[in-house]
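Chain and residue survey
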Amino acid sequence: MERLIGLLAKLPGLGPRSARRAALYLLKRNDSLLKPLARALSVAAENIRTCSVCGNLDARDPCGVCADPRRDDSLICVVEDVADMWALERSAAFRGRYHVLGGALSALDGVGPDDLNIPALVARAGRAEVSEVILATNVTVDGQTTAHYIADRLAECGVTVSGLAHGVPVGGELDYLDEGTLSQALKARRPV
Amino acid sequence: MDWTDQGIVLSARKHGETSAIVSLMTQEHGVHAGLVRGGVGKRSRGILQPGNTVQAHWRARLPEHLGAYTCELVYAQAAVLMDHPLRLAGLSAACALVETTLPERESHARVYESLLSLLAAMAGDHWPADYVLWEVEMLRELGFGLDLGCCAATGETENLAYVSPKTGRAVSVAAGEPYKGKLLPLPGFLLAEMESVEDGQVLDGLKLTGYFLERHVYAPHGGEIPPARRRLVERLSRAAG
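The model shown is predicted, which means the values in this text are computed figures rather than measured ones.

Regarding the overall build of chain B
- Each helix and strand counted, chain B has 8 helices and 8 strands in total.
- Oriented by its inertia axes, the alpha-carbon framework of chain B measures out at about 60 × 35 × 30 Å.
- Residue burial in chain B is summarised as follows: out of 241 residues, 49% are buried.
- In chain B, of all internal contacts separated by at least 6 residues, the share reaching a separation of at least 24 is 54%.
- As displayed, chain B offers around 11,400 Å² of accessible surface, 50% of which is attributable to carbon and sulfur atoms.
- Distance between charge centroids for chain B: 9 Å, based on 23 positive and 28 negative side chains.

Regarding the sheet that holds strand 6 (residues 160–163) of chain B
All names here are of chain B.
- Pairing in this open sheet of 3 strands is antiparallel, and the strands run 7-6-8 from one edge to the other. The open sheet is flanked by strand 7 (170–172) and strand 8 (184–185), the only strands paired with a single partner.
- Both strand 6 and strand 8 contribute to a ladder of 2 bridges, which runs antiparallel. What sits directly across from V163, in strand 8, is L184.

Here we look at helix 5 (residues 127–141) of chain B
Residue and element names in this part refer to chain B.
- Here helix 5 spans 20 Å end to end across 15 residues, near enough to the 21 Å set by a 1.5 Å rise per residue.
- Along helix 5, the residues that are buried comprise W127, P128, A129, Y131, V132, W134, E135, V136, M138 and L139.
- Packed against the buried residues of helix 5 are helix 3 (85–101), helix 4 (109–121), helix 7 (199–218) and helix 8 (227–240).
- In the stretch just after helix 5, G143 is the one whose phi turns positive, near 95°.

A word on the domain arrangement of chain B
Residue and element names in this part refer to chain B.
- Entries for chain B in the domain assignment read domain 1 (2–78) and domain 2 (85–148 + 186–240).
- Domain 1 and domain 2 are separated by 24 Å when their C-alpha centres are compared.
- At the interface, 27 residues of domain 1 touch 19 residues of domain 2.
- Buried area between domain 1 and domain 2, both sides added, is near 1,700 Å², and the carbon and sulfur share of it is 60%.
- On the domain 1 side of the contact with domain 2, M25, Q27 and V31 bury the most area, a combined 33% of that side's loss.
- Our enumeration of links across domain 1 and domain 2 arrives at 1 salt bridge.
- A salt bridge links R13 to E99; the nearest nitrogen and oxygen atoms lie 3.6 Å apart.
- Considering each element in turn, the side of domain 1 that touches domain 2 owes the most residues, 7 residues, to strand 1 (residues 2–15).
- Considered class by class, the residues forming the side of domain 1 that touches domain 2 number 11 nonpolar, 13 polar and 3 charged.

Regarding the packing of aromatic side chains
- According to the stated counting rule, one finds 5 aromatic pairs over all chains in the structure shown.
- An angle of 70° between the planes, with centres 5.2 Å apart, marks the rings of F94(A) and Y98(A) as edge-to-face. Residues F94(A) and Y98(A) agree in their burial class; the two are buried.
- Their ring planes at 25° and their centres at 5.6 Å tell us that W3(B) and W58(B) sit as a pair that is stacked. You can see W3(B) sitting in strand 1 and its partner W58(B) sitting in strand 4 (residues 53–59), a full 55 residues away along the chain.
- According to the relative accessible area criterion, W3(B) is buried, its value standing at 10%.
- The class for W58(B) is buried, based on a relative accessible area of 1%.
- Put simply, the rings of W3(B), W58(B) and Y69(B) pair up and form one aromatic cluster.

As for the nonpolar core
- The biggest cluster of nonpolar side chains holds 56 residues, and the ones touching the most others in it are M25(B), V98(B), L115(B), Y131(B) and W134(B).
- Both domains that furnish three or more residues to this core are identified here as domain 1 (2–78) and domain 2 (85–148 + 186–240) of chain B.

What about the packing of helix 7 of chain B against helix 8 of chain B?
Residues and elements named next belong to chain B.
- Following both chains from N to C, one finds helix 7 and helix 8 inclined at 160°, their axes separated by 10 Å at the closest point. Between helix 7 and helix 8, the angle is such that the two are roughly antiparallel. With respect to the hand of their crossing, helix 7 and helix 8 are arranged in left-handed fashion. Across from D199, V202, L203, L206, T209, G210 and L213 in helix 7, the residues of helix 8 making contact are R229, V233, L236, S237, A239 and A240.
- Along the lines of polarity and charge, the residues of the contact of helix 7 with helix 8 split into 8 nonpolar, 3 polar and 2 charged.

What about the sheet that holds strand 4 (residues 96–100) of chain A?
Residues and elements named next belong to chain A.
- The parallel open sheet is built from 4 strands, whose spatial order is 4-3-5-6. In the strand order of this sheet, the two ends are held by strand 4 and strand 6 (160–163), each with one partner. Across the sheet, the mean angle separating the axes of adjacent strands is 25° when strand polarity is ignored.
- One ladder, built from 4 bridges, connects strand 5 (residues 132–135) with strand 6; its direction is parallel. Bridge assignment links V133 to a residue of strand 6, and that residue is V161.

Reading guide: rules and limits
- Residues numbered from 1 in each chain as written.
- Chains lettered and ligands numbered in written order.
- Predicted model: local features only at pLDDT ≥ 70, side-chain atom pairs only at ≥ 80, totals over all residues.
- Heavy atoms only, no water.
- Helix = DSSP H or I, 4+ residues; strand = E, 2+ residues; numbered from the N terminus.
- Buried < 20%, exposed > 50% of the residue type's maximum accessible area, 1.4 Å probe, protein only.
- Contact = heavy atoms within 4.5 Å.
- Areas by Shrake-Rupley, 256 points an atom, 1.4 Å probe, with all protein chains shown as cover.
- Lys, Arg positive; Asp, Glu negative; His and termini not counted.
- Charge placed at Lys NZ, Arg CZ, Asp CG, Glu CD.
- Pairing = 2+ DSSP bridges.
- Expected span 1.5 Å × (residues − 1).
- Domains from an automatic or database assignment.
- Buried area = accessible area lost by both parts, 1.4 Å probe.
- Salt bridge = Lys/Arg side-chain N within 4 Å of Asp/Glu carboxyl O.
- Nonpolar A, V, L, I, M, F, W, Y, C, P; charged D, E, K, R; others polar.
- Phe/Tyr/Trp six-rings, centres within 6.5 Å; stacked < 30°, edge-to-face > 60°.
- Core = buried A, V, L, I, M, F, W, Y, C linked by side-chain atoms within 4.5 Å.
- Axes fitted to C-alpha atoms, helices over the stretch in contact; angles between N-to-C directions.
- Parallel < 35°, antiparallel > 145°, perpendicular 65-115°, else oblique.
- Left-handed = near helix turned anticlockwise from the far one by under 90°.

So, in C-alpha cells, the structure goes:
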C-alpha cells in the first residue's frame, strides 16, 4: 500500500495526500478501474517506444504519423516535445510529417546541439522529397535560439525554412496581452 | 522581510508543477533568485524571459530563505530581439555571463546599469563592439580589469596592439613584435571610440575577454564559459566569414 502511494505521489500534480486518495479510490474499484489500469500500464510499458524517424511515442516504429501514406512528405514540422506534436495534431491543421527535438538549447543548463535530435533532422531535410521545414519551437528565448540554430544548419539542405507566426491568439483581447506579444503582433501585421 | 526592486530576468527554471525559480539582476540587490508561483503558467511565461525588465517584489520569512517573487513586466526586451539570431545570441550570452560570474545577493549597481544599456543598444547595429566593451567592464567589476593605459614593457601610450595573457596589460607594437605569437591582439576600439568596428576586431575583443574570463573567473571554480557565449562567438565568426 505504501509503495503504491509512494509511486502515485511521483506523478505530476499529485502529492502524498492526493496520492493516498487516489490509491484508496483505485483499491475500492478493484475490478472496474485498478485491474484495467494495471493492464493498460503494463501494455504501455511493454509496447510504447520512441519512433526512430521522428521521435514521437507510439506502439509501433515507425509511428502512426510517419507510416501514414496520406501525409505530405514535403513538409516537416519541427517541435520541441511530443506534447507539442500532439497539440498540433489536435488542431488537425497540419498534414505533413513531424520531427521531435527532445528539448531546446539552453544557455545555462548545458543542453547543447548534440543533446537534441538535430542530426537526424538535417538528414531528413536533405532528402529530395522534402521542400519545407516549419520550425514550431516555443516562442521563448531558448526556443527561438534553437530555431535560429536549426535554420543555420538547414541552410545547406536547400529547403525553405519557415516559422510559426507570433501574435494575438484567437479570442485574445489586446488589453490583456503582454507587451512582448503586442510588439510581435505589430511587427507581423498584414494587409486586411 | 520584503523589498521591491527593478531587475532584469537572467533565467527561469521550472520548479515543481507550476512554479519557477527565477534569477534576476536587480538594481540594488544584485543577482537574486526567488520562487515565482505560477511562473510556468501562460500569464507569467512571457514575462519571465531572459532580458526582460521587471518590477519585482521579494518576500521571505528570513533573509537567507529563497523567498518568493511577484513580478510585473516593465519592458519586454526579449520580444524585440527574438527575430534576430545574432542579437538573441548576444542577449543569451550577456544574461548567462552575469548569472554565472557574479556572486548572489551582492549589489552591483554598475553591472545592472551597464547590462540595461547593453540590452537597449542591441536594438541598434553597432552592439557587438558594445558587447565586448561590456565584458571588459564585467572583468573590471569582478576584480580582473585589464590595464590598457600604457605599454607594460616600455611605458609608451601610443601604438598599443597586444595584451599580455599573463598580466592583462597592454603591449606596444614594437615591444610585442618578438612575442606576437604568444600575445593577445588588442582591438583599437577598446582604446578609443571608433565610428565603425569591423567584425574581425569584435572577434579579437571577444577572444581577449574570453581568455581572461576563462582563466580568472571560470577555471578557478572548475567552471566553463557558458555555452550561450560560445554560440555567440561562433555566430559572429560565421557572420564575419
